[in-house]
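Analysis of the macromolecular model
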Amino acid sequence: MRYNDVRRRSAGRRLRATVAAALAVSVLAVTGCGSESDAGEPVPNIDLSKLDTGSYDTKPQVLAAKDPAKMARNLEALRLGDAMPLPQDIDPALTYGSTGGGPFTGADSFDSASIFGWFDKTEFDANAAGLVAGFSTSARSNEDTDIAFGITAAVMVFDSDDAAAAAAIALGRKGFNDNSKAQPAVPQRYSSAQLTWIPDYQVLASWYATGRYVINTLVRDNVNNQLKISDQGSLVALTEKAVTVLSDRLRTFEPTSPDKLASLPIDPQGLMRLTLLRPNGDKTAAAFDGTLTTHGALHRWVDDTKTAAIFDRAGADYVGYGAGELTRTRDAQSARTFITDLSANKFQQRIDPPPGLPTALCFKYRGPATNEFPYNCYVSHGRYAAQVWSYHLQDAYQRVSAQYAILANDR
């Protein structure tokens, strides 16, 4: 059983632990072949036929629904993520993004790094009967977990009020992976909420049903845990503050009627057709295919404040998730600036770009963390900026080359 800080396996957030405001590297322009950049500098010709793209697609693709029902629920989950408040909206101190954020539609969406890594999920699908979709977010108050307090929150939307009410009771009763040290806690403001805590770890979980939603939170105070101080009151207060903020924000969200889910557009922004899609079974990418607004995307970044500033400077509006991430910015110059800012990480060492693609920025991670993907590449084309990552250098090269080819082949 894990009671340490949960760490997500999603690669998109692993290589962002230290985003700086600037990076001492120069980036070549990457607009159309033979044209000129916004600054009037000639752009090198990229011969797409000479790029090593492996088995990846090199042309814009229409995102097809292999499982239409699940795809529709995933789209609803992404809509929910765009509407959810960030952890810092709950408490301004929660600016260091933790791990585990993203959409889910059932137990098969969870890994040990999600919020449900703390809970017994062996009967989740049965206990959450009627679940349509969910989205989770997480953050803590300090980069050093041992001196931080933190929160992980998930919102689940169900097909009816009754289903949500029943699920909150069933999931709350199931509780932690190991309930042997768990104790009930008494809610103050939300009397129908189910609260359970583990004094030994200063961790408190809650499940609260409101309309078609279940709000699930897990708060922890690692400082008190280190000092062996027990303070249930502060945990309950943070929990109820989170429930209040989440409930208020949900009032502006209109869940899709269950009979209308199939009508949700798969690619409403036309971004996924340009995004390098995940190979079947791929575990080195986001755990889903789809699009989030830049607000929704901040749930998946380590430093929300700095990343939000990078998004704002670039005029970014949407991010597509697949075998990497594709961000749509204001214009070509903004896309080039975006990848410069995004790749700023003191633990990343610049390495050669893939053969035939000199405009790509590639790095090898040389920092203290053991869970980072070692290879990370960035490239832009027109107003689009892409990031890919991999355990293997050749694969990272192939991914960034294929992503560039998709953008260049969009006529």
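Definitions and limits used
Residues numbered from 1 in each chain as written. Predicted model: local features only at pLDDT ≥ 70, side-chain atom pairs only at ≥ 80, totals over all residues. Heavy atoms only, no water. Phe/Tyr/Trp six-rings, centres within 6.5 Å; stacked < 30°, edge-to-face > 60°. Helix = DSSP H or I, 4+ residues; strand = E, 2+ residues; numbered from the N terminus. Buried < 20%, exposed > 50% of the residue type's maximum accessible area, 1.4 Å probe, protein only. Core = buried A, V, L, I, M, F, W, Y, C linked by side-chain atoms within 4.5 Å. Contact = heavy atoms within 4.5 Å. Disulfide = S-S within 2.5 Å. Pairing = 2+ DSSP bridges. Axes fitted to C-alpha atoms, helices over the stretch in contact; angles between N-to-C directions.

What follows concerns the packing of aromatic side chains. Overall, the coordinates contain nine aromatic pairs when judged by the stated rule. Where F311 meets F338, the ring centres are 5.9 Å apart and the plane angle is 15°; that geometry is what we call stacked. One end of the pair, F311, is in helix α8 (residues 304-314); the other, F338, is in helix α9 (residues 332-342), and 27 residues separate them in sequence. For the pair shown, F311 and F338 are each scored as buried.

A few words now on the nonpolar core. Counting residues in hydrophobic clusters, the biggest one holds 61 residues, and the most contacted among them are L80, V155, L204, I215, F311 and F338. In terms of residue count, helix α6 (residues 232-250) provides more of this core than any other element does, eight residues in total. Beyond its immediate stretch of four places on either side in the chain, L204 contacts A185, L195, T196, W197, T217, L218, V219, Q232, L235, V236 and T239. In terms of nonpolar packing, the next biggest core, distinct from the first, is built from 25 residues, L51, L274, A323 and C377 among them.

Attention now moves to the state of the cysteines. Within the structure shown, the criterion is met by one disulfide. Between C362 and C377 runs a disulfide, and the two sulfur atoms are separated by 2.2 Å. Between C362 and C377, the S-S torsion sits near 115°, and that sign places the bridge as right-handed. Here C377 lies in strand β14 (residues 375-381) and C362 lies in strand β13 (residues 361-365), a separation of 15 residues in the sequence. Note on accessibility: C362 and C377 belong to one class, buried.

The next thing to look at is the sheet that holds strand β11 (residues 325-328). Reading across from one edge, β9-β10-β11-β15-β14-β13-β12 is the order of the seven strands in this open sheet, with antiparallel pairing throughout. Because the sheet does not close on itself, it has two edges, and the strands there are β9 (290-293) and β12 (348-351). Neighbour-to-neighbour, the strand axes of the sheet open up by a mean angle of 25°, direction not taken into account. Where β11 meets strand β15 (residues 384-390), four bridges bridge the pair, whose relative direction is antiparallel. Pairing of L326 across the sheet is with A386, part of β15.

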